[in-house]
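Report on the structure
Listed below, chain by chain, are the residues.
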Amino acid sequence: MAHPRVWIFAVPSTRVDDLGRERAPSGLRALTRAASLSLCSSGPHPCVIERDRFGVSSCARCRDSWSATHSGGVVLAARSRSPVGVDAEVPRSRPAAFRFLTRVTGASVVSIEQWTQAEAIWKARGQAHRRPRPGELVMPESYENGWNSTADSAWRVFTHRERGLVWSIAVPNGGRRTLEVYDLRGAPAIG
C-alpha cells in the first residue's frame, strides 16, 4: 500500500447520550472494521490496531498509521504508511472555532473546510491530545476540493465537500497524490 486510504461508514443516528446529543461508535470500532477489510502490510492478515497514550493509532504488526473521525451519521477511518490524520464535519458556521484557528495559524480561517484541514494535520502530527499554540500549525494555502499543500510544504491535505459532509485527510508531503476512498455507507451501519 503506497498511498493513503479512507473508509466511510454509516452509523446509527438514533443513539443519544444523557444530554440528548447524538452518539457515534468509538473511533477504535471504525478502525477495527476498516482494518478487517484490508490486509496488513506485513502479511496476509488484517491489521491489529493499537493506540498510544496520546490516542495515536497504528498497526501492531506493520506500523501503518491509522486515524478516525465521526460527524453526523458517518464515521471515517484512514490508513497510510506515513503519519495520517482525518477529520469530518457537518457543514456549519463555527465562528469561535474559526477565530481560534485564525489566531493560532495566522491565516484567515473562514470555512469548515479549513477547520477539517487543520484538525487532520494536527492529528497526523500526533498532537490531537492538545490544542495548538500560535505558530505550531501551518494551513494549506487553499481549501478547494482535492489535494492542497500547506504553506510550508510539509503536509498535503485532500479535502472533499459533499452534501451534508466535509472531510479532509492529511499526510506528509511527497509521493504521488493518490487516494483510495471506500464509501461503505450502503453497507450495514457500525453500531
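Thresholds, definitions, all that
Sequence order as written defines the numbering, with residues in each chain counted from 1. Reporting of local features is limited, given that this is a predicted model, to residues whose pLDDT is at least 70; pairs of side-chain atoms are given and counted only at 80 or more, and all residues count toward the totals for whole chains, interfaces and linings. Side-chain descriptors were evaluated using all non-hydrogen atoms of the structure, hydrogens and water having been removed beforehand. Salt bridge criterion: a side-chain nitrogen from Lys or Arg within 4 Å of a carboxyl oxygen from Asp or Glu. Relative accessible area decides the class of each residue, using a 1.4 Å probe on protein chains only: under 20% of the type maximum gives buried, over 50% gives exposed, and in between gives partly exposed. Comment: elements are numbered from the N terminus, with helices defined as DSSP H or I runs of at least four residues and strands as E runs of at least two. This arc corresponds to the set of directions leading from the helix axis out to the C-beta atoms. Contacts were defined at the residue level, with two residues in contact if any of their heavy atoms lie within 4.5 Å. For two strands to count as paired, DSSP must find a minimum of two bridges between them. Between the N-to-C directions of two axes lies an angle of 0 to 180 degrees, each axis being a line fitted to C-alpha atoms and, for a helix, fitted only over the stretch in contact. Put simply, a nonpolar core is a bunch of buried Ala, Val, Leu, Ile, Met, Phe, Trp, Tyr and Cys residues held in one set by side-chain atoms that sit within 4.5 Å of each other.

Here we look at the pattern of salt bridges
Scanning the model with the defined rule gives twelve salt bridges in all. Of the charged contacts in the structure, one is a salt bridge between Arg92 and Glu89, with a shortest N-O distance of 3.8 Å. Overall, Glu89 belongs to the buried group, its relative accessible area being 11%. One continuous salt-bridge network, built from bridges that share partners, spans Asp64, Arg79 and Arg81.

Some thoughts on helix α1 (residues 27-36)
Of the positions making up α1, those classed as buried are Gly27, Ala30, Leu31, Ala34 and Ala35. Angular distribution of buried residues about the axis of α1 spans 135°; they occupy a single face of the element. Structurally, α1 contributes buried residues whose contacts are with β1 (5-10), β2 (49-51), β3 (57-59), β4 (65-71) and β5 (74-80).

Points about the pairing of β4
Counting buried positions over the seven residues of β4 gives six, a clear majority of the element. One ladder, built from two bridges, connects β3 with β4; its direction is antiparallel. By the bridge assignment for β4, Ser58 is matched with Ser65. Between β3 and β4, which pair antiparallel one after the other, the connecting turn spans five residues, and Arg63 there sits at a positive phi close to 70°.

Considering the sheet that holds β3
A sheet is described by the order of its strands in space; here six strands give the open sequence β2-β3-β4-β5-β1-β10, paired in mixed fashion. Lying at the two open borders of the sheet, with one neighbouring strand each, are β2 and β10 (180-184). The average angle at which neighbouring strand axes cross in this sheet is 25°, direction not considered. Sheet analysis places β1 next to β10, joined by five bridges and oriented parallel.

Overview of the nonpolar core
Core analysis: the largest hydrophobic core is formed by 19 residues, its most contacted members being Leu101, Trp115, Ile121, Leu137 and Ala170. Looking at this core, the elements with two or more residues in it are α2 (95-105), α3 (112-124), β8 (155-162) and β9 (165-172). At seven residues, α3 tops the list of elements feeding residues into this core. Sequence-distant contacts of Ala170, that is, excluding residues within four places in its chain, are made with Pro83, Val84, Gly85, Ala120, Ile121, Ala124, Arg156 and Val157. Residues Phe9, Leu31, Trp66 and Ala68 belong to the second largest nonpolar core, which totals 16 residues.

Things to note about the sheet that holds β9
Read from one edge of the open sheet, four strands run β6-β9-β8-β7, paired in antiparallel fashion. The sheet terminates laterally at β6 (85-89) and β7 (146-149), the two strands that pair on one side only. Across this sheet, the average inter-strand angle for adjacent strands is 20°, counted without regard to direction. In this sheet, β8 lies alongside β7 in antiparallel orientation, the contact comprising four bridges.

A few points about the pairing of β1
Here β1 lies mainly inside the structure; six of its six residues are buried. Of the two faces of β1, the one lined by Arg5, Trp7 and Phe9 and the one lined by Val6, Ile8 and Ala10 are each fully buried. As paired elements, β1 and β5 share six bridges and run antiparallel to each other. For Phe9, the partnering residue across the bridge sits in β5 and is Val75.

Considerations on the environment of Ile8
Residue placement: Ile8 occurs in strand β1. You can call Ile8 buried: its relative accessible area is 2%. In the structure, Ile8 is positioned 175 residues away from Asp183 in sequence and 4.8 Å away in space, judged by C-alpha atoms. Ile8 has contacts with Val74, Val75, Leu76, Trp167, Val181, Tyr182, Asp183, Leu184 and Arg185, leaving out every residue within four places of it along the chain.

Everything listed is a geometric property; what it means functionally is a separate question.
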